Amino acid sequence: MDHGALAAGLLAWYDENAREMPWRVGPASRKAGITADPYRIWMSEVMLQQTTVAAVKTYFERFTHLWPTVQDLAAADDTHVMGEWAGLGYYARARNLLKCARAVVADHGGVFPTDRKSLLALPGIGPYTASAVASIAFDLPETVVDGNVERVMSRLHDVHEPLPLSKPQLTELAERTTPKNRAGDYAQAIMDLGATVCTPKSPHCDICPWSAPCLARKNGTAADLPKKVPKAIKPTRKGFAYVAQTPSGAWVMERRPDKGLLGGMLGWPGSPWEETAQEAPPFAADWAEVGEIKHTFTHFHLFLRVMVANAVANAPEHAVTLGANEFQPSDLPTVMRKVFDVAQVHFDD
Ligand code: SF4
């Protein structure tokens, strides 16, 4: 395939069809010499890891409103940032967001490094994010390879080897097509193509700029690609969550340890999450079971039985007690909010 022609065709399509994003400098603006802000590109890419564009937009606007520069974010209060992140999931990203902002300020004078190697050395920046920031913010010819790009490449070249075995081949094909000029626009163009045209189900080959060279379209295999090695079935874990109020109406909570799942987030005390649920009340009270929630994490399904207790007077000292005025369900990670939704009807206003 003529890789130069492929890139040119995709860029011409992007010039007409680029999606608008709050962090994006569109092709016309770029041609007029406006460059992207590395801080905004980095933040959007961290938020977009494992999360859809639609879900990220409001979080991105809120974060950049609260903390318009990397210096502002570096100086932010950890609890405030974790609270604002609540609901976006994968909370290690929020902790790394803060660590990275602080490293950029402490080690790079508040200016994001431009080369991929230095970007990779920053907390929470993996190969994909480093390439995305280097290409989109600095227009360097780095190649972004995510699930979208793998899908498009597997179809364009009709690659039938299943993922993840085909990753090296798909990465090499993606690298060959990345142009030296307009690398940032190209990276965004291929993301847009994967999201809007070469979609997982029913790709829109009739309006695709790569319709002519695409081998999967020619061979009628597009809808079957990329092939994937079957996933292992997710295990199930079970546990108890305990929701209590003090006589003054404060909620008895705990902050989870910094390391591990939901690290640093506020939540309800509970038992370990294991194959069978074992009761583990955090303190003696008249606990009553009121329901169960299900939540699915990346690697397992979780069932939590919800226990409630009213007017407890013996909350342990290490507990975090939040008065009704300070408590915001939206500050909780989704699994803990689900627990609250089941529990709250059993308490007085
Ligand atoms: Fe995807 Fe169809 Fe375009 Fe091929 S022609 S890249 S299958 S949308």
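Above this text is the structure in question.
Calculation rules
Residues numbered from 1 in each chain as written. Predicted model: local features only at pLDDT ≥ 70, side-chain atom pairs only at ≥ 80, totals over all residues. Heavy atoms only, no water. Helix = DSSP H or I, 4+ residues; strand = E, 2+ residues; numbered from the N terminus. Buried < 20%, exposed > 50% of the residue type's maximum accessible area, 1.4 Å probe, protein only. Contact = heavy atoms within 4.5 Å. Pairing = 2+ DSSP bridges. Near = heavy atom within 4 Å. 1 Å grid on protein atoms, 1.4 Å probe; cavity = no way out; pocket = protein on both sides within 12 Å on 5 of 7 lines; lining within 4 Å. Sits in = over half its atoms within 2 Å of the grid points. Nonpolar A, V, L, I, M, F, W, Y, C, P; charged D, E, K, R; others polar. Points joined across faces, edges and corners; volume = space filled by probe spheres on them. Expected span 1.5 Å × (residues − 1). Patch = residues over 30% accessible without salt bridge, like charges linked within 9 Å, V, L, I, M, F, W, Y side chains within 5 Å. Areas by Shrake-Rupley, 256 points an atom, 1.4 Å probe, with all protein chains shown as cover. Salt bridge = Lys/Arg side-chain N within 4 Å of Asp/Glu carboxyl O. Lys, Arg positive; Asp, Glu negative; His and termini not counted. Charge placed at Lys NZ, Arg CZ, Asp CG, Glu CD.

Draft legend 1. Broad picture of the overall build of the protein chain. Helix and strand content of the protein chain: 14 helices and 6 strands. Taken along the three principal axes of its C-alpha coordinates, the protein chain extends 75 × 45 × 30 Å. For the protein chain, the proportion of its 349 residues judged to be buried stands at 46%. For the protein chain, the proportion of contacts with a sequence separation of at least 24, taken over those separated by at least 6, is 70%.

Draft legend 2. Looking closely at the pairing of strand β5 (residues 301-309). Of the strand pairs in this sheet, strand β1 (residues 236-245) and β5 are connected by 9 bridges, and their pairing is parallel. Residue pairing for β5: F240 is matched across the bridge by R305. Here strand β4 (residues 288-296) runs beside β5; their pairing, made up of 8 bridges, is antiparallel. Looking across to β5, one finds that E289 is bridged to M307. Here β4 folds back onto β5 in antiparallel fashion, the turn holding 4 residues.

Draft legend 3. The site of the ligand, seen in detail. The environment of the ligand is formed by R155, V197, C198, P203, C205, C208, S211, C214, R217 and A222. Judged by its atoms lying within 2 Å of the grid points, the ligand is housed in the largest cavity. Taken together, the residues that form the shell around the ligand break down as 7 nonpolar, 1 polar and 2 charged.

Draft legend 4. Geometry of the environment of A36. Relative to the assigned elements, A36 resides in the loop between α2 (27-31) and α3 (38-48). Sequence separation between A36 and G26 is 10 residues, and the spatial gap between their C-alpha atoms is 9.3 Å. Every residue in contact with A36, bar those within four places of it in the chain, is listed here: V25, R30, I41, I136 and A137.

Draft legend 5. Molecular detail of empty space enclosed by the protein. According to the stated counting rule, one finds 1 cavity of 30 Å³ or more in the structure shown. Forming the walls of the largest cavity are 15 residues, and the residues nearest its centre are C198, C205, C208, W210 and C214. Of the residues that constitute the lining of the largest cavity, the class distribution is 11 nonpolar, 2 polar and 2 charged.

Draft legend 6. Just helix α4 (residues 53-66), in detail. Look at α4: 20 Å from first C-alpha to last across 14 residues, which is about the 20 Å you get at 1.5 Å a residue. Within α4, burial applies to V56, Y59, F60, F63 and T64. Buried residues belonging to α4 abut α3, α6 (78-85) and α7 (92-108).

Draft legend 7. Just a positive patch on the surface, in detail. A cluster of basic side chains, namely K228, K231, K234 and K294, defines a positive patch on the protein surface. If you trace the backbone, K294 turns up in strand β4. For K294, a relative accessible area of 42% puts it in the partly exposed group.

Draft legend 8. The layout of surface pockets, seen in detail. In this structure, the largest pocket occupies an estimated 920 Å³ of space. L48, Q50, D146, G147 and N148 are, among the 34 residues lining the largest pocket, the residues nearest its centre. Secondary structure elements with two or more residues in the lining of the largest pocket: α3, α9 (127-138), α10 (147-156) and α12 (183-196). Element by element, the count of residues in the lining of the largest pocket is highest for α10, at 5 residues.

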